[in-house]
There are 2 protein chains.
Amino acid sequence: MDALNKATAVSRILEPHSVAVIGASASPSKRGYQIINALQKAGYSYSILPVNPKGGAILGLTVVTEIDALPEGVDIAVIVRPAEEVPDLLLQCGKKGIAGAIIVAHGFGERGDQAASTEKRLRDALAESGVRIIGPNTSGMVNCTVQADLIGLPELPPKGPVSVLTQSGNMILTVLEDSRAINGPGFDVIAGLGNQADVGYDELIEELCLRKSTRSIAIYNEGFIDGRRFLNSAARVAESCPIVMLRGVRSHEGGKAALSHTGSIAGADDIALRVLPQMGVTLVDRSDELLPIAALLATTPLPKSQTGIVVLADGGGHATLAVDALSRACVPLASLSGETKAKLRKVLGEEASVENPIDVYSALDAHPDVFPECIEILAADPEVGLILTSGMFGAYHLRFEASLVTAENSAAERIVALQKTSGLPLVFHSCYASRMPENHQILRNGGMQVFTSLDWAVAGARALFERATWLSKHSSHNATLATGGPRVVVPNGLSAETTAREILQKLGVDTGQWLAAVDAASVEAAVSGFATSCAVKVDSAAVSHKSDVGGVRLGVTREAARAAAADIAGALASHAAPVTGLGFIVTPMVDRGVELFVGATNDPVFGPVVLFGSGGVLVEAAEDVTFRAAPVSPEEALNMIEETRVAKILDGFRNFPRVDKLSLANFISSLSVAVLRMENLAELDINPIIANESGIYPVDVRLVGK
Amino acid sequence: MDALNKATAVSRILEPHSVAVIGASASPSKRGYQIINALQKAGYSYSILPVNPKGGAILGLTVVTEIDALPEGVDIAVIVRPAEEVPDLLLQCGKKGIAGAIIVAHGFGERGDQAASTEKRLRDALAESGVRIIGPNTSGMVNCTVQADLIGLPELPPKGPVSVLTQSGNMILTVLEDSRAINGPGFDVIAGLGNQADVGYDELIEELCLRKSTRSIAIYNEGFIDGRRFLNSAARVAESCPIVMLRGVRSHEGGKAALSHTGSIAGADDIALRVLPQMGVTLVDRSDELLPIAALLATTPLPKSQTGIVVLADGGGHATLAVDALSRACVPLASLSGETKAKLRKVLGEEASVENPIDVYSALDAHPDVFPECIEILAADPEVGLILTSGMFGAYHLRFEASLVTAENSAAERIVALQKTSGLPLVFHSCYASRMPENHQILRNGGMQVFTSLDWAVAGARALFERATWLSKHSSHNATLATGGPRVVVPNGLSAETTAREILQKLGVDTGQWLAAVDAASVEAAVSGFATSCAVKVDSAAVSHKSDVGGVRLGVTREAARAAAADIAGALASHAAPVTGLGFIVTPMVDRGVELFVGATNDPVFGPVVLFGSGGVLVEAAEDVTFRAAPVSPEEALNMIEETRVAKILDGFRNFPRVDKLSLANFISSLSVAVLRMENLAELDINPIIANESGIYPVDVRLVGK
């Protein structure tokens, strides 16, 4: 019940039907004036309630002198008073039943120690008042649908399907200007999250997803308060609403994550690059792509599965560049049927290329209608999942003959009609798009995007295909996983390897054949029990790298077993820090296979994460590890395997055996489930785990508790 | 003398002071009309000479009825007649002393067999006439400086410092529109190369470089007729004129190069990505970055060596994104002196961040002059090599108060003056740049670029730093190389390893200790001659992979030497294709080290190329190889080493020895010089070459002639 009320409060923040401005001012240079002015200018039609002890009137509105004098049940208070006053004002808002507040002031947690007491008072006030807040240290919020501008922009952005969440006020301006430059589809809610003292990304995307007016969410993110909660929310939200994210503080985060061993293999940035797409989030690397991709995903249907893209160009250069970029982006190209090609040939004549990429060549210059004709033909080919048109389409009247404008407009209208009938996603690149010809606007009004940059069009096509793939696989993957069952507390620090293997086995992970031994005699007995020669290793929570201290003997036969145990004991006795409670672990030798790495870590941002990659002593140098948030299904584990470089040799390469990938994937999946049942896990490395045609063999297991 | 005349002819093509239009037409829909019309509209002030057997007048000009009737010494003929007529017309042009021609017609080599005879006739006519041509199959050429539009654009592009070479007519439009969108500095020469039947990229960049009006060359390239010649030209040209290149047909080229063994390690794309920057070419991956980067390089001074970049932002988000992107692009950040920081603090107040990135925070909103003040302070710090300003600079009058426009304009004027005094490169990002505020235009008129996209600004800053580094190292590198000396013809097909080592030694490459042996007795004698145990291997031109056929024995002692030789002989005798003329090669074992790869190939595009990377049996799977056009200096070889992943373990890692990198670099350099002295080389693999603290040891040498 409480959770439900909270959700309701946040939805009222996002679409307020009454706004109190606490710290309202009659001075035009003050934020307390600008917000009221902006609300009025934007055409906000609900009540605006200025609050200031001085009373009087501001911009024609009567000023309420204290919060207590406000009507009951105001949706949102915008608090523009300094940090020190905020906690007390929040308490007053709570008493008056105000649902939410936006706290503009800075000088809280982001300032470190000097503002720690203000931060503490804010948190106490949040808990006591029950008021939900966005901020502090936020530029505010705009709802274009109800025309509520609480940021104070020079003009209200156009209303449309893209919502924006950001931790940077300047990135709001970038997104607005970039939308203006592409004549984008407009905005629903735009919110600055500030310090996330209360409401964070996870809650906001869930709320935005419930809004029919939001069709995609563009995020500029500099960090999560709880990355794991965001992943869970994102996976739910992305099933119906695309999330596009630009991440900041990437180069710094790497430093933070280097605290853990895994951090030396890969910074947190590498983990984020895998776990966010795992949950359906579309990542962009460039600030200039955040808005275009979010606009495209908000307005464009998805390609059907088992289809590919067709490039329809009016020049060889753009056709070539499009295919090059699509190939780098791993977007599948459709192979056209003979029938399709014959029909295209009839329309385009002998000089055109009717292979994919299609180059209409000079067929089009005088006849813009050739373009919808091609689209109609292509839409009938079941291999075609998306058409990317590239070149100077829509600008023949600018480039060649002004009189072509009519034919171009009607071609655009025909394309809009074709798109509606076929449901086929269409993405347009035209190098003249920034001139905003009327026919491009016809396409935009029909729900399509026309980009000046071919690279945006390609990135957008890629995002559409990746989202379609994610949607088709995500739900089936998760249905196979059961993450309940017994739990185990990982001992603090390094565990002895036998302890590590016992814990894994208790949690359902098959660590293969191994025996513990306590002395030379039991080592001999253990070796005798296996059909092959064995590895004999020291088994101790005090030894982190066994071979560095002479603690490993390989290829040990029954005859050599006692001597091997004695050698190891001797090596450890002469070691700088002698090991007490010495034990041994004995495993059968694996004669040939590929050395791989399977592991897990507790990422400070995203929680339990599984790793897979190249193994062996050079694991850090190989830089060939991939990541997923635990748990992963065997299907997802297969995806992990396929995205590493070592995957290239797992199907048999030179003298290497073909590897049983299914066993490997099942192992990764079972480990990922086990990891969720571990309390106190810091890191788990199985390196190497040797894989060959008959199975997988964990050779060295290293478990560390926090 | 002949070469000089040719160069002159090309310079006359690029800046014609008389144009004959062969195939002139009175019909406005024909190219032969449009070119005359475009020349007149563009304001071309030299003579235009229409040629058509029908005679009469076109656009007020008297039509000459035959080429023979033209005046002597016309600079350029634009031939718009069909392919079949072109060879004969060229011969007539030659007789009349016309320097050059632009051939618009298609239907030559690009059409394959069906046009082969026309292509042959064209080549004969070129040889006979001595006329230099651009094309065929080209969209034409524009010289903005003399206002000669031979393409027929709707309007003459603005005159400025960027020249453009392209194999795509549409890419000309992209570049023109992208320039319009950023209000770029304008163009000198724009030329479509078409099929490059005569004049190619190499000659054109050399000619453009001689033009004072060209300050950078933007290229869209789909392939070279002679890649090696281009590399040589580029290295010369790039010393004074930046070359920015977008490459097309990248995904297809990979297929072609897979003919050679090296092609299976990496397609030609990977080679191009290394050898072009080696010669000073700035590569861009995105079509939307070609023009912005070329514009920036044409107008911006270079950072001094040993300096770094400073980000000066008015918002945390943009500051963060800029630093993230710069860090990914490996652009060095300047560390500011205490004095600089103290001065900044004084100007910016307590809330600003005066570390790099500088966030002026709210200090700027009402005082645009804070910006030039910061630039003045930063320019005095010798660590600062370039300032990248990011945010909404120049748009405070749009975002906040219209009255700020005056202060913003004078801030821009002050920045222009500061730039002129300091010579410091300044790069501007403003999310409002596409609104073209007046103060941005003041900066542009002062020779600076202002970009809407932060990503362009970062890519530009990177290009400036990389160019500065290249210029500082290029000439010193090459001075150390002597590439003359004896030459060797590589035998066809695979050489026996002893032959390969002899050839390398003859060319000055030290292949270490090895001995040839012909039978068991001489193997024993050879092993006895070394202080350590040895590797004994079959030595035969018939065995490509020695270990695959049982042709290798490792760790062979004197006692075991005869048996090893007998074993190898036995294994080969029982092999499917028995080896005749069996010999042995004996090398001392190298006990520990890192397995590396050094090799060479004859790239079909770029000629002799050296390779360095991770070695061992997994070389193809490791994907850790880099490339340079031979020869390379030891300094350049060190750069090669540092850009591989394996470099991370060469300074000592776990149990691996620290590697003598200087020996390694000297070896790569000596090999690269040797490769130039080899005739008939197909490929050379030294894999592995083992490196440790005492030196480098070529373990297996494989040489293949064409």
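Residues numbered from 1 in each chain as written. Chains lettered and ligands numbered in written order. Predicted model: local features only at pLDDT ≥ 70, side-chain atom pairs only at ≥ 80, totals over all residues. Heavy atoms only, no water.

Q: Even after reading the chapter, I still don't get the overall build of chain A, so can you show me in this structure?
A: The helix and strand inventory of chain A stands at 24 helices and 34 strands. With the C-alpha coordinates of chain A rotated into their principal frame, the extents come out at 95 × 80 × 40 Å. Within chain A, the fraction of its 706 residues that count as buried is 59%. Restricting the contact set of chain A to residue pairs at least 6 apart, pairs at least 24 apart contribute 71%. Surface summary for chain A: the accessible area is close to 26,000 Å², and the carbon and sulfur share equals 52%. Computing the positive centroid from 59 side-chain charges and the negative centroid from 78, chain A places the two 2 Å apart. (Helix = DSSP H or I, 4+ residues; strand = E, 2+ residues; numbered from the N terminus. Buried < 20%, exposed > 50% of the residue type's maximum accessible area, 1.4 Å probe, protein only. Contact = heavy atoms within 4.5 Å. Areas by Shrake-Rupley, 256 points an atom, 1.4 Å probe, with all protein chains shown as cover. Lys, Arg positive; Asp, Glu negative; His and termini not counted. Charge placed at Lys NZ, Arg CZ, Asp CG, Glu CD.)

Q: What exactly am I supposed to notice about the interface of chain B and chain A here?
A: Interface size is commonly expressed as the accessible surface area that is lost when the partners come together. Each side of the interface is counted separately: chain B has 72 residues, and chain A has 72 residues. For the interface between chain B and chain A, the tally reads eight salt bridges. With a shortest N-O distance of 2.8 Å, Arg 435 of chain A and Glu 177 of chain B are connected by a salt bridge. Across the chain B-chain A interface, the total number found is 26 residue pairs in polar contact (both at pLDDT 80 or more). The set of elements that each furnish at least two residues to the side of chain B that touches chain A consists of helix H5 (169-182), strand S13 (243-247), helix H8 (250-257), helix H12 (316-328), helix H15 (396-399), helix H18 (454-479) and helix H22 (619-622) of chain B. Among the elements that take part in the side of chain B that touches chain A, H12 of chain B stands out by supplying nine residues, more than any other. Residues of the side of chain B that touches chain A, tallied by class, amount to 25 nonpolar, 22 polar and 25 charged. (Salt bridge = Lys/Arg side-chain N within 4 Å of Asp/Glu carboxyl O. Polar contact = N/O pair within 3.5 Å; in protein donor to acceptor, adjacent residues only side chain to side chain. Nonpolar A, V, L, I, M, F, W, Y, C, P; charged D, E, K, R; others polar.)

Q: How should I be thinking about the relation of the copies chain B and chain A in this particular structure?
A: What connects the two chain copies is a rotation about an axis and a shift along it. For the pair chain B and chain A, the superposition axis carries a translation of 0.0 Å, the fit reaches an RMSD of 0.1 Å, and the rotation angle comes to 180°. In the structure described here, the two chain copies are related by an operation that fits a two-fold rotation axis. Relative to the rotation axis, the closest C-alpha in chain B is found at Ala 622 of chain B, a distance of 4.0 Å. Mapped onto chain A, 100% of the interface residues of chain B are again interface residues, and the two copies thus contact each other with one and the same surface. (Least-squares fit on C-alpha atoms with pLDDT ≥ 70 in both.)

Q: How do you make sense of the confidence of the model for chain A when you look at a structure like this?
A: All names here are of chain A. Of all residues in chain A, 93% have pLDDT values of 70 or greater, and the mean over the chain is 91. Contacts of residues 253-267 to residues separated by more than four positions or lying in other chains number 23 contacts, the stretch itself having pLDDT below 50. Two numbers describe this predicted complex: its pTM, 0.94, and its ipTM, 0.93. (pLDDT = per-residue confidence, 0-100.)

Q: I'm lost on the environment of Thr 532 of chain A in this one. Help?
A: All names here are of chain A. Relative to the elements of secondary structure, Thr 532 occurs in the loop between helix H20 (520-528) and strand S23 (534-539). Looking at Thr 532, the relative accessible area reads 39%, which means it is partly exposed. Sequence-wise, Thr 532 and Ile 98 are 434 residues apart; in three dimensions their C-alpha atoms are separated by 74 Å. Contact partners of Thr 532, with chain neighbours within four places excluded, come to Pro 588 and Met 589.

Q: What's the story with the UniProt feature "domain: CoA-binding" (unreviewed entry) in chain A in this structure? I'm lost.
A: The positions UniProt marks with the feature "domain: CoA-binding" (unreviewed entry) are residues 13-108 of chain A. End-to-end, the C-alpha atoms of residues 13-108 of chain A are 21 Å apart, and along that stretch the chain is 25% helix and 23% strand. (UniProt positions renumbered as here; feature names shortened; annotations may be inferred.)

Q: Before we go on, may I ask you to explain the packing of aromatic side chains in this structure?
A: Think of a pair of aromatic rings as described by two things: how far the centres are apart, and how the planes are tilted against each other in angle. All told, the structure shown has 18 aromatic pairs over all chains when counted by the stated rule. Seen from their ring centres, Phe 224 of chain B and Phe 230 of chain B are 4.6 Å apart, and the 25° between their planes marks the pair as stacked. Of the two residues, Phe 224 of chain B and Phe 230 of chain B, neither departs from the other in class, the shared state being buried. Of the aromatic side chains, those joined through ring pairs into one cluster are Tyr 201, Phe 224, Phe 230 and Phe 606 of chain A. (Phe/Tyr/Trp six-rings, centres within 6.5 Å; stacked < 30°, edge-to-face > 60°.)

Q: Any chance you could explain the packing of helix H3 (residues 86-95) of chain B against helix H4 (residues 116-129) of chain B here in plain terms?
A: The geometry of a pair of packed helices is captured by two quantities: the angle between their axes and the separation between those axes. All names here are of chain B. The geometry of H3 relative to H4 is characterised by a closest axis approach of 8 Å and an angle of 5° between their N-to-C directions. The orientation of H3 relative to H4 falls into the category roughly parallel. On H4, the residues touching Val 86, Pro 87, Leu 90, Leu 91 and Gly 94 of H3 are Thr 118, Arg 121, Leu 122, Ala 125, Leu 126, Glu 128 and Ser 129. Partitioned by chemical class, the residues of the contact of H3 with H4 number seven nonpolar, three polar and two charged. (Axes fitted to C-alpha atoms, helices over the stretch in contact; angles between N-to-C directions. Parallel < 35°, antiparallel > 145°, perpendicular 65-115°, else oblique.)

Q: Just checking my understanding: could you explain the packing of helix H14 (residues 370-379) of chain A against helix H16 (residues 405-422) of chain A for this structure?
A: All names here are of chain A. Put simply, H14 and H16 touch, their axes get as near as 9 Å, and they point 10° apart. With respect to their mutual orientation, H14 and H16 come out roughly parallel. Viewed along their axes, H14 and H16 form a crossing whose handedness is left-handed. Packed against H14, whose contacting residues are Pro 372, Glu 373, Ile 375, Glu 376 and Ala 379, the element H16 presents Ala 411, Arg 414, Ile 415, Leu 418 and Ser 422 at the interface. (Left-handed = near helix turned anticlockwise from the far one by under 90°.)

Q: It is not clear to me how helix H24 (residues 661-676) of chain A should be interpreted in this structure. Could you clarify?
A: Owing to its 3.6 residues per turn, the α-helix aligns residues three or four sequence positions apart on the same side. Residues and elements named next belong to chain A. In a regular helix each residue adds 1.5 Å, so 16 residues correspond to 22 Å; H24 covers 23 Å between its end C-alpha atoms and thus fits that length. Along H24, twelve of the 16 residues are buried, which leaves the element largely enclosed by surrounding structure. Restricting attention to buried positions, one finds in H24 the residues Lys 661, Leu 664, Ala 665, Phe 667, Ile 668, Ser 669, Leu 671, Ser 672, Val 673, Ala 674, Val 675 and Leu 676. (Expected span 1.5 Å × (residues − 1).)

Q: Got a minute to help me understand the domain arrangement of chain A in this structure?
A: Residue and element names in this part refer to chain A. Domain assignment breaks chain A into domain 1 (1-137), domain 2 (157-284), domain 3 (300-476), domain 4 (513-588) and domain 5 (594-705). Facing the 17 residues of domain 2 at the interface are twelve residues of domain 3. Roughly 1,000 Å² is buried in total at the junction of domain 2 and domain 3, and carbon and sulfur atoms are behind 56% of that figure. Three residues stand out in domain 2 for area buried against domain 3, namely Ile 182, Asn 183 and Glu 239, and they jointly supply 47% of the buried area on that side. Here domain 2 and domain 3 share zero salt bridges between them. Viewed at the interface, domain 3 and domain 2 are joined by four residue pairs in polar contact (both at pLDDT 80 or more). When residues of the side of domain 2 that touches domain 3 are traced back to their parent elements, those giving at least two are helix H5 (169-182) and helix H10 (268-278). The residue inventory of the side of domain 2 that touches domain 3, partitioned by class, reads nine nonpolar, six polar and two charged. (Domains from an automatic or database assignment. Buried area = accessible area lost by both parts, 1.4 Å probe.)

Q: What's the story with the side chain of Gln 419 of chain A in this structure? I'm lost.
A: Secondary-structure assignment places Gln 419 of chain A in helix H16. Given a relative accessible area of 10%, Gln 419 of chain A falls into the buried group.

Q: Help me understand the pattern of salt bridges in this model?
A: When charged atoms on two side chains of opposite charge get close, those side chains can pair. Counted according to the given criterion, the structure contains 76 salt bridges over all chains. For the salt bridge of Arg 286 of chain A with Glu 289 of chain B, the shortest nitrogen-to-oxygen distance reads 3.0 Å. Linking Arg 286 of chain A in the loop between strand S14 (281-284) and helix H11 (290-299) with Glu 289 of chain B in the loop between strand S14 (281-284) and helix H11 (290-299), this pair reaches from one chain into another. Of the two residues examined, Arg 286 of chain A and Glu 289 of chain B, each falls in the buried class. For Arg 123 of chain B, the salt bridge goes to Glu 119 of chain B, with nearest N and O atoms at 2.8 Å. Of this pair, Arg 123 of chain B and Glu 119 of chain B are both found in helix H4, four residues apart, which corresponds to roughly one turn of the helix. Overall, Glu 119 of chain B belongs to the buried group, its relative accessible area being 13%. Through salt bridges that share partners, Glu 497, Arg 501, Lys 537, Lys 546 and Asp 700 of chain A make up one connected network.

Q: How should the sheet that holds strand S22 (residues 515-517) of chain A be read in this particular structure?
A: Consider a sheet: its strands pair through backbone hydrogen bonds, and that pairing is either parallel or antiparallel. Residues and elements named next belong to chain A. Strand order across the open sheet formed by four strands is S22-S25-S23-S24, with antiparallel pairing between neighbours. Each edge of the open sheet is held by one strand with a lone partner, namely S22 and strand S24 (552-556). Across the sheet, the mean angle from the axis of one strand to that of its neighbour is 25°, orientation sign disregarded. In terms of strand pairing, S23 meets strand S25 (residues 583-588) through six bridges, oriented antiparallel. (Pairing = 2+ DSSP bridges.)

Q: Hey, could you run me through the state of the cysteines in this one?
A: Here is the idea: a disulfide is a covalent bond, and it sits between the sulfur atoms of two cysteines. Residues and elements named next belong to chain B. For the structure on display, the rule yields zero disulfides over all chains. The thiol sulfur of Cys 144 is not disulfide-bonded, and the nearest other cysteine sulfur, from Cys 241, lies at 15 Å. Using a relative accessible area of 2% as the deciding quantity, one classes Cys 144 as buried. (Disulfide = S-S within 2.5 Å.)

Q: Any chance you could explain the sheet that holds strand S9 (residues 148-149) of chain A here in plain terms?
A: Pairing is mixed in the open sheet, where seven strands are placed in the order S9-S8-S11-S10-S12-S13-S14 (chain A). Only two strands of the sheet have a single neighbouring strand rather than two, namely S9 and S14 of chain A.

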